[in-house]
Amino acid sequence: MSAPAVLARRAMARVGLYVFVGLVLVFFALPLVWLVTTPFARTPSYRVPAPSFTLHNFRILWDNPYAVRSIGNSLVLAGGTAVLAVVFAGTAAYALSRVRLPGRDAVLYAVLLLSSIVTGTAAMVPIFLMLFQLDLIDNRLALVLVLTGGLLPSAMFILKDFMDTVPRSYEESARVFGASPFQILRHVVAPVVRPGLATIAVWAVVQVWGNFLLPYILLHDPAKQPAAVIMYTFYDEGGQPNFALISTFSLLYSVPVVLCYLVVNRRYGFRFQGGIKG
Amino acid sequence: MGSRPVATVGALAVACLVLGGCVSAKHAAGAGDPQRNADAKHATLTISTNAISGGKNAQEADWITKELIPAFEKAEKAKGRNVTVNYQANGIDDAKYGEKLELSLKAGGGPDLFVVGGDSIATYAAAGYIAPLDKVVGGEANSWTGWKQVDAAVKKNVSMNGRYYAVPNGVDGRVLYYNKKLFVKAGLPADWQPTSWADILAAGRKLATLSGVTPIQINAGTPMAEATTMQGFLPLLAGAGAEIYDAKAKKYQGDTKAVRDVLSFYRTLYRGAKLGDPRLQQDPNGRDESFTEFSQGKLGIIGESDYLWRSVVCPTKSVCNATAMPDRNSTVGYAMIPAERPGSGVGGQDFVSMSGGGGFTINPHTKYPQQAWDLLTFMRSATQIKAQLGSTVQITANKQVNDEILARDPALKFIADKVIPITRFRPSEEHYTSVGALIEEATGQVVAGKPVDEVAKAYQQGVVKLVGADHVSSN
Amino acid sequence: MLFVAPALALIAAFLVFPALWTLYLGVLKYDLAGSNAAAPQFVGLGNYRDALTDPRFANSLLLTVAFVGLSAVLGQNVLGFLLAAVLRDAASWVRGVVNAVVLLAWILPGTVVVFLWQALLDRGGGTLNALLGTPGAAWTLDHPLATIVAFNIWRGTAFSMLLYSAALGAVPRSQLETARTYGAGPLRTLRDVVLPHIRGHVLTNTLLITLWTFNDFAPYMLTGGGPDHRSETLPVYVYRTSIEGGALGYGSAISLIMLIVNLAIALFYLRLLRRRSA
């Protein structure tokens, strides 16, 4: 192949590349346009508004008795669940990664599959009845535990991959110096898999942030309900969606989870270690 | 690692115990003495409705928290009783709310006072979630003076086997709304009252000559959910001379002539004469879409309940938002729904309608039945009914209040005077909800183009599977 | 071991236990209200027989397979890989921008996302119709399956992109250079150099996104399963029969059928992995 032909081909490839990236950008950005423009529109609706600017919709949001508080509730639930999920999944994944036991993987897969059952309404029956008998309805700590239980299999599954990559020699040397297993995990392993832990934390926050059914069923006091539930109450007297509330709340409700990702990504790097070892 | 098998075995053991204990636990309907805790120094009651301040049904939530509860607590104090009332706000999708309420009731908990729809009384009673009021609170439930103010049909809607299960809130009625301006443009009278289905179709054909106008909207299909049965199928069925459930014969309508007539009407409307927009019946937002079109003068005739008049096309922008019609009173006409032919309706009627509505009931497991009954009658007093309405107008379950307020709104007065006396209610039978789902499915299929006979057969099979062939009529 | 105890306890209490209970409900005629709520009847395999003979169930299963195949196995996988590959050599600002929008689609709360897509596809004032000059086009009615496929690709590609970014980092640059020197085309390079390094990642990724998509309820929020059941995937079918119909026992039975399908999928991927690596 002649040199100009190669150059031409490279140039074509470049153009193709930019067109591809451009199309992808449009595809992913298009639905987001509504999110950033409508909250400031004078008459918010499904229509992306003509340029206009008002903060009046935020005033309406501020006056809603539950909206702002629900974001705080979401923070509590998501934060609590993320901490528990990281700690429990971290310790468990470490142990499972270090101990070779027959059937270990099978058990992990089994609970991973079971977690798909405990999502629908039918599964709310046992969970609700159990917490009701224990008098834990309207109890946020109980809800956090339930949420954590649901996320643990996937979290352990993802974290185990990270744990597998930590060279055992690190731990051996720590052990020589008389470190306890907990100290080893805390001071030797955790720093190495920190990106993995951070990833799980963000992932847990995202999962809880959007969860509607569990909080709705297990909490009765609307003052404790998280944003995912309160967002479904924004209807006017005629039963039509109240776009002033929905649009501004969408924005407010999205910001914390985006910030959470940005902070974690900057500090620890957000990534997945992957690959099941065959 | 020894803990794992132990934990698993433990969980299994607990699971078996609780499964055995809870799933089969059967609540005795009505948990004992109506007079229990009647003299308690301090009582706590919880009300739950599907409303929330600042959101869905905010007016109701605000009335309960700001007016009803303070007034009631004060009144009880005057009687020397300390009663604290809590309000559980929800304001969520109705199906989701029902799910949560039913779960709580199933667990033996739940609010002390909640709303039950007239059509849910049978299902809730069968599950043990509600019981006759005279069983829960005693004989005073039957001798309450407030019953004198309640219309007989409305009483029936909250009763089963002659016993009251709830105290009614209000009632609604269905009519045909039409756009007078479009009617005049199409050469139709501004003062319209069809007397047969053929009249409706004839008006639709004239409206079809206007460009950009969908002539008729009669709800159909699954996305419209209960609006399909209440606004469409059931009033039409009543016009064809049948009620969906014959309580005497204990039979549902299966593949009967009346059902086929209704489905054929849908077919003519949406397929044959193309006077309706099949799209609206498939769209998850179809009903809202139909409201928007009607409010913008793009829809000629729509079958709806008085809710459309009050809360969708009302002139007040702050209540009805985008669908408000400042010229509603001069533009929107209303007519009774005609039977298929004059005299062909249920009971030989010329005109028909369907009504819904429910009432507040008392949880049979409440700790304080007497205090709950006090609250229930307090909230259904004329004063509190008016407080709940505020400046709005609605047909209530109290004749005296209706006389006072309906004069302010001719359309609601028309419905109260002309429609409510001839209306029908959904059956209080525990399979009705599932039959309703089959109706939604059947109407949707006809609108999508499936032949009437085929759809009617499939519908019949569905109903038979649900209630057994002995409880289905076909001819 | 102490490390796994908390995780296992939570999983046992809030996952395994409700899951087993849910499975037990599957052999009952168990409704939320009505006489079957007070005294559930034992029907053995009756619910399973009803499901397997219901043409709506068969329709749902087929739709789900199509939905998973098109949107996850093909859509998210391929787009995620392409983005990871393309962005590796792209200017850092391009990488930043693309990463940001793709990730936003993934981390925004589900409730918000539903409104974004309704605003995008709305018949009257939707962004898409405004952009394409097709007012009144009803995308969710005319192309229900395509709509939910596009939605799921939009929503979930970020995970594949992140995972493949990490995976491609593990492919030695020297080998890529070598391939280029020998004049290998992109496809051959992919097959002979890249794939062997990331095979484990591909399978992990495909397994996870398959299971997630299979159990995804979001399509309901866009199309309601319609029109005429044309986008009624299995989770939507379960919802419509078990909540709208109130039949929880039946819903549980289908959950178990779904679990078995999930299990079959997982085993299939694992076999594939074993065979390849052997």
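Thresholds, definitions, all that
Residues numbered from 1 in each chain as written. Chains lettered and ligands numbered in written order. Predicted model: local features only at pLDDT ≥ 70, side-chain atom pairs only at ≥ 80, totals over all residues. Helix = DSSP H or I, 4+ residues; strand = E, 2+ residues; numbered from the N terminus. Buried ≥ 20, exposed ≤ 12 C-beta atoms within 10 Å, placed from the backbone. Contact = placed C-beta atoms within 7 Å. Nonpolar A, V, L, I, M, F, W, Y, C, P; charged D, E, K, R; others polar. Pairing = 2+ DSSP bridges. Axes fitted to C-alpha atoms, helices over the stretch in contact; angles between N-to-C directions. Parallel < 35°, antiparallel > 145°, perpendicular 65-115°, else oblique. Left-handed = near helix turned anticlockwise from the far one by under 90°. UniProt positions renumbered as here; feature names shortened; annotations may be inferred. Core = buried A, V, L, I, M, F, W, Y, C linked by C-beta atoms within 7 Å. Domains from an automatic or database assignment.

Caption draft 1: Summary view of the overall build of chain C. A tally of regular secondary structure across chain C gives 14 helices and 2 strands. Principal-axis analysis of the C-alpha atoms gives chain C an extent of 75 × 60 × 35 Å. Every one of the 278 residues in chain C was classed for burial, and the buried ones make up 50%.

Caption draft 2: Molecular detail of the interface of chain A and chain B. Listed as interface residues are 25 residues of chain A and, on the opposing side, 28 residues of chain B. Those elements that provide at least two residues to the side of chain A that touches chain B are helix 5 (124-133) and helix 10 (213-218) of chain A. Per-element accounting of the side of chain A that touches chain B gives the leading share, 5 residues, to helix 5 of chain A. Taken together, the residues of the side of chain A that touches chain B sort by class into 15 nonpolar, 8 polar and 2 charged.

Caption draft 3: Structural view of the sheet that holds strand 2 (residues 82-88) of chain B. Residue and element names in this part refer to chain B. Reading across the sheet, the 5 strands line up as 2-1-3-16-6 and stay open at both edges, with mixed pairing between neighbours. This sheet does not close on itself; its edge strands, each paired only once, are strand 2 and strand 6 (167-168). The pairing of strand 1 (residues 42-48) with strand 3 (residues 113-117) spans 2 bridges and is parallel. Looking at the pairing, Ser 48 lines up with Phe 114 of strand 3. The sheet contacts of helix 17 (residues 369-379) involve strand 1, strand 2, strand 3, strand 6 and strand 16 (358-362), and relative to strand 16 the element is tilted by about 155°.

Caption draft 4: Fine view of the packing of helix 3 (residues 67-98) of chain A against helix 12 (residues 243-268) of chain A. Residues and elements named next belong to chain A. At their nearest, the axes of helix 3 and helix 12 sit 11 Å apart, and the two run at 25° to each other. In this view, helix 3 runs roughly parallel relative to helix 12, as classed from their interaxial angle. Crossing of helix 3 against helix 12: the hand is right-handed. On helix 12, the residues that touch Ala 67, Ile 71 and Leu 75 of helix 3 are Leu 245, Phe 249, Leu 252, Tyr 253 and Pro 256.

Caption draft 5: Representation of the interface of chain A and chain C in the model. With 70 residues of chain A at the contact, the number on the chain C side is 72 residues. Put simply, the parts of the chain that give the side of chain A that touches chain C at least two residues each are helix 1 (3-37), helix 3, helix 4 (104-117), helix 5, helix 6 (140-164), helix 9 (194-210) and helix 12 of chain A. Considering every element that reaches the side of chain A that touches chain C, the biggest residue donor is helix 1 of chain A, with 14 residues. Looking at the side of chain A that touches chain C residue by residue, the class counts come to 50 nonpolar, 17 polar and 3 charged.

Caption draft 6: How the structure looks around the UniProt feature "transmembrane region" (unreviewed entry) in chain C. UniProt's feature table lists "transmembrane region" (unreviewed entry) at residues 61-85, 97-120, 153-172, 193-214 and 247-270 of chain C, given in the numbering used throughout. Between the first and last C-alpha atoms of residues 247-270 of chain C the distance is 35 Å; the span itself is 96% helix and 0% strand.

Caption draft 7: The arrangement of the sheet that holds strand 11 (residues 299-305) of chain B in detail. Residue and element names in this part refer to chain B. The sheet built from 4 strands is open, its strands ordered 8-11-7-12 with mixed pairing. Both edges of this open sheet fall to strand 8 (214-217) and strand 12 (332-335), since each of them pairs with a single strand only. Neighbouring strand axes in the sheet, compared pairwise and without regard to direction, differ in orientation by 25° on average. With 4 bridges connecting them, strand 7 (residues 174-179) and strand 12 associate as antiparallel partners. Paired with Tyr 177 across the bridge in strand 12 is Tyr 334. Taken strand by strand, helix 13 (residues 286-295) contacts strand 8 and strand 11, and its axis lies near 130° from that of strand 11.

Caption draft 8: Structural detail: the environment of Leu 113 of chain A. If you trace the backbone, Leu 113 of chain A turns up in helix 4. C-alpha of Leu 113 of chain A to C-alpha of Leu 214 of chain A: the two residues are 101 residues apart in sequence and 19 Å apart in space. The residues contacting Leu 113 of chain A, other than those within four sequence positions of it, are Leu 259, Asn 262, Leu 263 and Ala 266 of chain C.

Caption draft 9: Representation of the nonpolar core within the structure. In this structure, Ala 85, Ala 89, Ile 200 and Val 205 of chain A are the most contacted members of the largest nonpolar core, which totals 221 residues. The residues contacting Val 205 of chain A, other than those within four sequence positions of it, are Ala 78, Ala 82, Val 257 and Cys 260 of chain A. Counting 87 residues, the second-largest nonpolar core is a separate cluster that includes Ala 220, Met 354, Val 393 and Ile 439 of chain B.

Caption draft 10: Broad picture of the domain arrangement of chain B. Residue and element names in this part refer to chain B. Partitioning chain B into domains gives domain 1 (42-171 + 357-425) and domain 2 (174-354 + 428-473). On the side of domain 2, 19 residues touch domain 1, which itself brings 19 residues to the contact. When contributions to the side of domain 1 that touches domain 2 are tallied by element, the ones reaching two or more residues are helix 4 (121-127) and helix 20 (410-419). For the side of domain 1 that touches domain 2, the element with the highest residue contribution is helix 20, accounting for 6 residues. Of the residues that constitute the side of domain 1 that touches domain 2, the class distribution is 11 nonpolar, 5 polar and 3 charged.

Caption draft 11: Local environment of the environment of Met 163 of chain A. All names here are of chain A. Note that Met 163 resides in helix 6. Looking at Met 163, the number of C-beta atoms within 10 Å reads 22, which means it is buried. A sequence separation of 65 residues divides Met 163 from Ala 228, and the C-alpha atoms of the two residues are 33 Å apart.

Caption draft 12: Layout of unusual backbone geometry. The phi angle at Asp 138 of chain A is positive, at roughly 70°, despite the residue not being glycine. Looking at the secondary structure, you find Asp 138 of chain A in the loop between helix 5 and helix 6. Accessibility expressed as a C-beta count within 10 Å gives 14 for Asp 138 of chain A, which makes it partly exposed. The backbone of Lys 250 of chain B shows a phi angle near 55°, a positive value even though the residue is not glycine.

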